Structure formats: C-alpha cells, structure tokens
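Coordinates in review
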Amino acid sequence: MVEHGRRDRASGPVRYSAPGGLSSLVTDLATGLAVACGHEVRRVGPGPSVDGGPADAVVLAMPDPQAARLLDPASPTAAQVAGREWTPVVAVAAGWAGREWAPFPAAFVNDHPVLTIVADDGDRRGDGAPVLVAHTTAALARKHAADPAGAVAPVLAALRDLLGVTAAPAWTVAHLWPAASPAQPRDRPFHLGADGVALAGDGWGSPRIETAWRSGTLLARALTRSGPEQLPS
Ligand SMILES: Cc1cc2nc3c(=O)[nH]c(=O)nc-3n(C[C@H](O)[C@H](O)[C@H](O)COP(=O)(O)OP(=O)(O)OC[C@H]3O[C@@H](n4cnc5c(N)ncnc54)[C@H](O)[C@@H]3O)c2cc1C
C-alpha cells in the first residue's frame, strides 16, 4: 500500500493506492490462513450446508442477486435477499497516448444522461498514466447490457464534452457489472441468520468498499464472539 496523491496533505484527505492491485491487500491479510479458491458454490442451505455438505458457518459476501441464486428457499435467510433491486453499470476504461486534461482524483457527474462518475486512473495509481475510468448511468448500462462495448462511443463523446479530450484513445475496455449497487441501502451492517447462514457486503449500507469492509469485519466479530457452535438456532 502506497500513500500518495494529495498535493496539500494539511487540508485534504490522504489517498492510498495498491501498486500490486487491490486483491494484493486481501492476499496479504489472508497470509497464514487456509483458503481454498476457485470453488464455485452452487447451493447453500440451513444447517448450514454448502453443496449438500455440513459447514460450521456460511457467509455469503456478495450482491443480493448472487446470494439469492445460491440460497435454498428453505433457508429463512433467503427472504433477506429476495426481490431486492440492484442497478447495473458499464465501466469504461480508456487509455490515451498523452494527457489532454489536468490530473484530478475523481469527479461525480450529476444529472448526466451518460455518466455518473469519472476517475483519473493515473492520478489514483500515482503513476500519472493517461487513463480515465468512467461509469455509465444505470439506464445506459441496461441499454447496452447485451453488448457493453456499445457504451464506449457515448462515453467517449461525453468525455469530449466534459473534459475536452479530443484525441482518439489508444485502447478501450468496457465491462458490465449487472449488480453494481443496491437501489436502496440497508440500516443494518450484516445479517446473521438463525439457520447459520450469514450475509455481508456493500449491500449492507452505502455501496462502497468501506461498507463491504465494515460489514465483513463486524460480522466476523459477531461470528467469532458467538462461536459456530453457539450460533442462534
Ligand atoms: C465498476 C465498479 C467500480 C467500483 N469502484 C469503487 C471505488 O473506486 N471505490 C469504492 O469504495 N468502491 C467501488 N466500487 C464498489 C465496490 O466494488 C464494492 O463496494 C465491493 O466490491 C463490494 O464487495 P463485496 O465483498 O460486498 O462484493 P463483491 O466484490 O461483489 O464480491 C463478491 C464475490 O463473491 C463471489 N461469488 C459470487 N457467487 C459465487 C459463487 N457461487 N461461488 C463462489 N464465489 C461467488 C464473486 O465472484 C465475488 O468475488 C465499485 C464497484 C463497481 C461495480
């Protein structure tokens, strides 16, 4: 983790970047833990159980629509995620040969038909690379859900209008996030069900990393305080 990015640290917040990628933070925290990756879970039921086998505790830390697909309807926890609306985003990243804009961390774009936020990725990472990452409105993401690359042209046109970026980018990438953020926030930081199945993630508060972190941390404390054998039944 590298501290950088503020020209005036006395008055502004300190910003951080992860040169090895954000997943490097999780890898570091997981040092010494026995973690099995690459296992796609298909069914979570009361007991709790995972894919038919017993588990001490189960935490589904993911958007509600993903958790809903996994949860056995017999689990009382299923009701917690049923029918909750999440909104999509197409994230468009674009890189240029050189900068035509002054560095900025990120900017919300209010009441715009195409964009909700634009981030200066070079400024965020601290290497000054001429790369912008833009998020579309939910309406534009729905329109291009079957072909996210179709969102690139309207996003570039909007960046031209907003930032005066006239050159064609050297490369672009478009990625659809079908469940990017919950339409409505919740007022609890996690759910720990009587069936031993727990829910956490940024759906349990405002949709950002800080919420996901806080949700998972508070749930972990609740689980370890009670101990799996003392989960509510
Ligand atoms: C495009 C985009 C950009 C963002 N940028 C920022 C930002 O700059 N700053 C910020 O604070 N927040 C940002 N956010 C929000 C941030 O990404 C989320 O708050 C955070 O990722 C939520 O973490 P989570 O653990 O709740 O869920 P997720 O990150 O969605 O993790 C859920 C995990 O569950 C796994 N999973 C799902 N189903 C299964 C299954 N059946 N078996 C096994 N694994 C499964 C998924 O593969 C995934 O890894 C951004 C979100 C989006 C969509």
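In this text the structure is predicted, and so the values were computed from the model without any measurement.

**Notes on the site of the ligand**
Not every one of the 18 residues close to the ligand is listed here, only the nearest: Gly201, Asp202, Arg208, Ile209 and Ala212. When residues of the shell around the ligand are traced back to their parent elements, those giving at least two are helix 2 (64–70), strand 7 (86–95), strand 11 (171–182) and helix 7 (209–226). Broken down by element, the residue count for the shell around the ligand peaks at 3 residues, all from helix 7. Of the residues that make up the shell around the ligand, three or more belong to each of domain 1 (40–84 + 185–230) and domain 2 (86–182).

**Points about unusual backbone geometry**
Cis geometry is found at the peptide bond from Gly47 to Pro48, where omega equals -5 degrees. The phi dihedral of Asp51 falls on the positive side, at around 50 degrees, and the residue is not glycine. Residue position: Asp51 is located in the loop between strand 4 (49–50) and strand 5 (53–54). Asp51 sits in the partly exposed class, given 13 other C-beta atoms within 10 Å. The phi angle at Asp111 is positive, at roughly 55 degrees, despite the residue not being glycine. Tracing the backbone through its elements, the reader meets Asp111 in the loop between strand 8 (106–108) and strand 9 (115–120).

**A word on the environment of Pro130**
With respect to the secondary-structure elements, Pro130 resides in the loop between helix 4 (121–125) and strand 10 (131–136). Taking the C-alpha atoms as reference, Pro130 lies 20 Å from Leu22; in sequence the two are 108 residues apart. Setting aside chain neighbours within four positions, we find Pro130 in contact with Gly95, Trp96, Gly98, Arg99 and Gly122.

**A short note on the domain arrangement of the protein**
Splitting the protein by domain gives domain 1 (40–84 + 185–230) and domain 2 (86–182). Each of domain 1 and domain 2 has a C-alpha centre, and these two points are 32 Å apart. Facing the 8 residues of domain 1 at the interface are 4 residues of domain 2.

**Quick notes on the sheet that holds strand 11**
Spatially, 5 strands are ordered 8-9-10-7-11 in an open sheet, and the strand pairing comes out antiparallel. The sheet is open, and its two borders are formed by strand 8 and strand 11, each paired with just one other strand. The sheet shows a mean angle of 15 degrees between the axes of neighbouring strands, taken without regard to direction. Sheet analysis places strand 8 next to strand 9, joined by 3 bridges and oriented antiparallel. Note on strand 9: the bridge partner recorded for Ala106 is Ala119. Along the sheet, helix 6 (residues 152–163) makes contact with strand 7, strand 9, strand 10 and strand 11, crossing strand 10 at roughly 115 degrees.

**A short note on the environment of Thr136**
Structurally, the position occupied by Thr136 is in strand 10. Once the C-alpha coordinates of Thr136 and His175 are considered, the two residues, 39 residues apart in sequence, prove to be 11 Å apart. Residues within four places of Thr136 in sequence aside, it is in contact with Val89, Val90, Val114, Leu115, Thr116, Ala141, Ala151 and Val155.

Calculation rules
Residues numbered from 1 in each chain as written. Predicted model: local features only at pLDDT ≥ 70, side-chain atom pairs only at ≥ 80, totals over all residues. Near = placed C-beta within 6 Å. Helix = DSSP H or I, 4+ residues; strand = E, 2+ residues; numbered from the N terminus. Domains from an automatic or database assignment. Buried ≥ 20, exposed ≤ 12 C-beta atoms within 10 Å, placed from the backbone. Contact = placed C-beta atoms within 7 Å. Pairing = 2+ DSSP bridges. Axes fitted to C-alpha atoms, helices over the stretch in contact; angles between N-to-C directions.

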